[in-house]
Amino acid sequence: MTAHKTRVELFIGKGGVGKTTLACATAMAEARSGRRVLIASLDQAHSLGDALGFRFPHDPGTVTGVATVLPGLDVIEIDSLALLEDRFRDVVRVISAGRGHEHGFDLAALDPAELTGLPGVQELLMLVEIAQFAAEDDWDLIVVDCPPSADMLRIVTAPGTLLGYVERIWPPHARAMSAVGTDLRRAVLAATVERIVRAVTEVRDLLADHRRTRARLVTLAERVAVAESQRVRSAAALLGLRLNAVVVNKVLPDLAPPDGAEHPAVQWYSNRRGEQSDVIAELRSTMPGIPVVIARHTGPEPIGLNSLAALAYAMDSAGDTGDAALMLSDNQTEVDASSGEPLVLLESGTGLQSVYALRMHLPVVDAATLRLGRVEDDLIVGADGVRRRVRLAPVLRRCTVDGAELDDGYLVVRFRPDPRAWAHASESRDHDR
């Protein structure tokens, strides 16, 4: 299997901080260096065309295609509703291959617009579209202009949530039996669900691949930005998303010292510049291991290709963060990890006296928000308003939780073997022999 080379860079942040502008400038800088770049907007309040000074052709009921704005730079505004209608019709055509609806359901009786109320469906389809673009390897880099951070972090949880539901409601072995059974409609349904599972799995794996996917948090040099950035960092770590950099936008440039008495406007400017410098320093001190990049205030709003090109040069001068965000630990095992999945280590002992540790990066902002639970073979971890369901490694499924602690930006959960589960596993192995 050929490894895909297309990288994905997500621009996240609160509304109004300049995500779209910086995403466009970054894409233009990458294209100017000779890379093939696609910039895609997932924000349904699309402003990508406004920033580029480009008008996208929007035909009602059709999925907007990719357009070229510069050599090496393609753009697309993904219309989630049109995408939902298009994909829904495909599914209906497949499942309706036979006549009637003997099993009590008829998808054709639904209108695609009725599905917009289902949480996460449109967002998940947009992520599937991005994953398909990445799989095609037509571009070196896909820059994604994301919805506001709270919405985007919720979207990131959608693939794992859906896959978890499908696995519990209709497990893989049951789908496989249906696919080869004599009931044609059930076989078609099983094949359709399997295709959906494969597509969503590709999305989950792409987001978790730290070698290919990274996120940049765009913020402003304001006091509220410090707490917001810390929460996003905590959420990204919990969800297994690589936060590569914090980009502080609209930072005022330094002024030369005045020769005489300061004009009130100059005094205001100097004070505001000092406040911004203090915020930037605090961001750097509270987010070790995450590069803080400065994007200077450009004066006039950068709209159109010429203005964005000037900002692109400024973004070049800010430097490439590269793999700096991977270097979060002196532990070589953690540094080499290419995904956000937790690590499982045998700390001590053997057999029933073993102590296993599940270790995951989790720089919690407020330790009082940390919540842990277990449902069957999954560990439920919640912190700072975000929750994730973590599938336990096979060895931990036969263990009970012995304790948990936060250790220098990591959550460590310790497990001890459950004598009954281990005895049952031993009996099963003896029976197999």
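Notes on the structure follow. (Residues numbered from 1 in each chain as written. Predicted model: local features only at pLDDT ≥ 70, side-chain atom pairs only at ≥ 80, totals over all residues. Heavy atoms only, no water.)

1. As for the pattern of salt bridges
For clarity, the cut-off: A pairing counts as a salt bridge when a side-chain nitrogen of Lys or Arg comes within 4 Å of a carboxyl oxygen of Asp or Glu. Strands are runs of DSSP state E lasting at least 2 residues, helices are runs of H or I lasting at least 4, and numbering of each runs from the N terminus. Remark: exposure states derive from per-residue accessible area (1.4 Å probe, protein chains only) relative to the maximum for the residue type, with buried under 20%, exposed over 50%, and partly exposed in between.
The full count for this structure, using the stated rule, is 19 salt bridges. As a salt-bridge pair, Arg231 and Glu228 come within 3.6 Å of each other at their nearest N and O atoms. Taken together, the positions of Arg231 and Glu228, both in helix 8 (residues 223-239) and 3 residues apart, correspond to about one turn of that helix. Taking the relative accessible area as the measure of exposure, Glu228 reaches 14% and is therefore buried. Here Asp407 makes a salt bridge to Arg359, at a shortest N to O gap of 3.8 Å. With Asp407 in strand 14 (residues 399-407) and Arg359 in strand 10 (residues 355-361), the pair connects residues that are 48 residues apart, well separated along the chain. We classify Asp407 as partly exposed; its relative accessible area is 35%.

2. Quick word on the sheet that holds strand 12 (residues 378-383)
Spelled out, the test is: Two strands qualify as a pair provided DSSP detects at least 2 bridges between them. Comment: axis = line fitted to C-alpha atoms, over the contacting stretch for helices; angle = value between 0 and 180 degrees taken between N-to-C directions. What makes two residues a contact is simply this: any of their non-hydrogen atoms within 4.5 Å.
If you trace the 3 strands from one edge of the open sheet to the other, you get 11-12-13, paired in antiparallel fashion. What marks the edges here is a single partner per strand, and that holds for strand 11 (371-375) and strand 13 (386-391). Across the sheet, the axes of successive neighbouring strands diverge by a mean angle of 20°, strand direction being ignored. With 6 bridges connecting them, strand 12 and strand 13 associate as antiparallel partners. By the bridge assignment for strand 13, Leu379 is matched with Val390. Against the sheet, helix 8 touches strand 12 and strand 13, its axis set at about 20° to strand 13.

3. Remarks on empty space enclosed by the protein
Put simply, the rule reads: A 1.4 Å probe that fits but cannot get out identifies a cavity on a 1 Å grid over protein atoms alone, an open set with protein on both sides within 12 Å along at least five of seven lines counts as a pocket, and a residue lines either if it has an atom within 4 Å of a point. Grid points are joined across faces, edges and corners, and a volume is the space filled by probe spheres set on the points. Charged residues are taken to be Asp, Glu, Lys and Arg, nonpolar residues to be Ala, Val, Leu, Ile, Met, Phe, Trp, Tyr, Cys and Pro, and polar residues to be all remaining types, Gly included.
Under the counting rule described, the total for this entry stands at 4 cavities of 30 Å³ or more. In this structure, the second largest cavity occupies an estimated 60 Å³ of space. For the second largest cavity, the full set of lining residues is Val8, Leu10, Leu42, Leu127, Ile130, Val144, Val203, Leu206 and Leu207. Top element by residues in the lining of the second largest cavity is helix 7 (residues 184-208). It accounts for 3 residues. Residue composition of the lining of the second largest cavity, grouped by class: 9 nonpolar, no polar and no charged.

4. Thoughts on the layout of surface pockets
One number sums up the size of the second largest pocket: a volume of about 890 Å³. Lining the second largest pocket are 31 residues, with Pro159, Gly160, Thr161, Arg204 and Arg389 positioned closest to its centre. Of all the secondary structure elements, the ones that give two or more residues to the lining of the second largest pocket are helix 5 (149-169), helix 6 (172-179), helix 7, strand 12 and strand 13. The greatest single-element share of the lining of the second largest pocket, amounting to 11 residues, is contributed by helix 5. Looking at the lining of the second largest pocket residue by residue, the classes come out as 14 nonpolar, 6 polar and 11 charged.

5. Section: the sheet that holds strand 3 (residues 67-70)
Spatial ordering of the open sheet is given by 3-4-2-5-1-6-7-8, a layout of 8 strands whose pairing is mixed. Taken across any chain shown, the strands that pair with only one partner, and hence form the sheet edges, are strand 3 and strand 8 (292-296). Across the sheet, the mean angle from the axis of one strand to that of its neighbour is 25°, orientation sign disregarded. With 4 bridges connecting them, strand 7 (residues 243-251) and strand 8 associate as parallel partners. Paired with Val251 across the strands is Arg296, a residue of strand 8. Along the sheet face, helix 8 touches strand 1 (7-12), strand 6 (213-220) and strand 7 and points at about 165° away from the line of strand 6.

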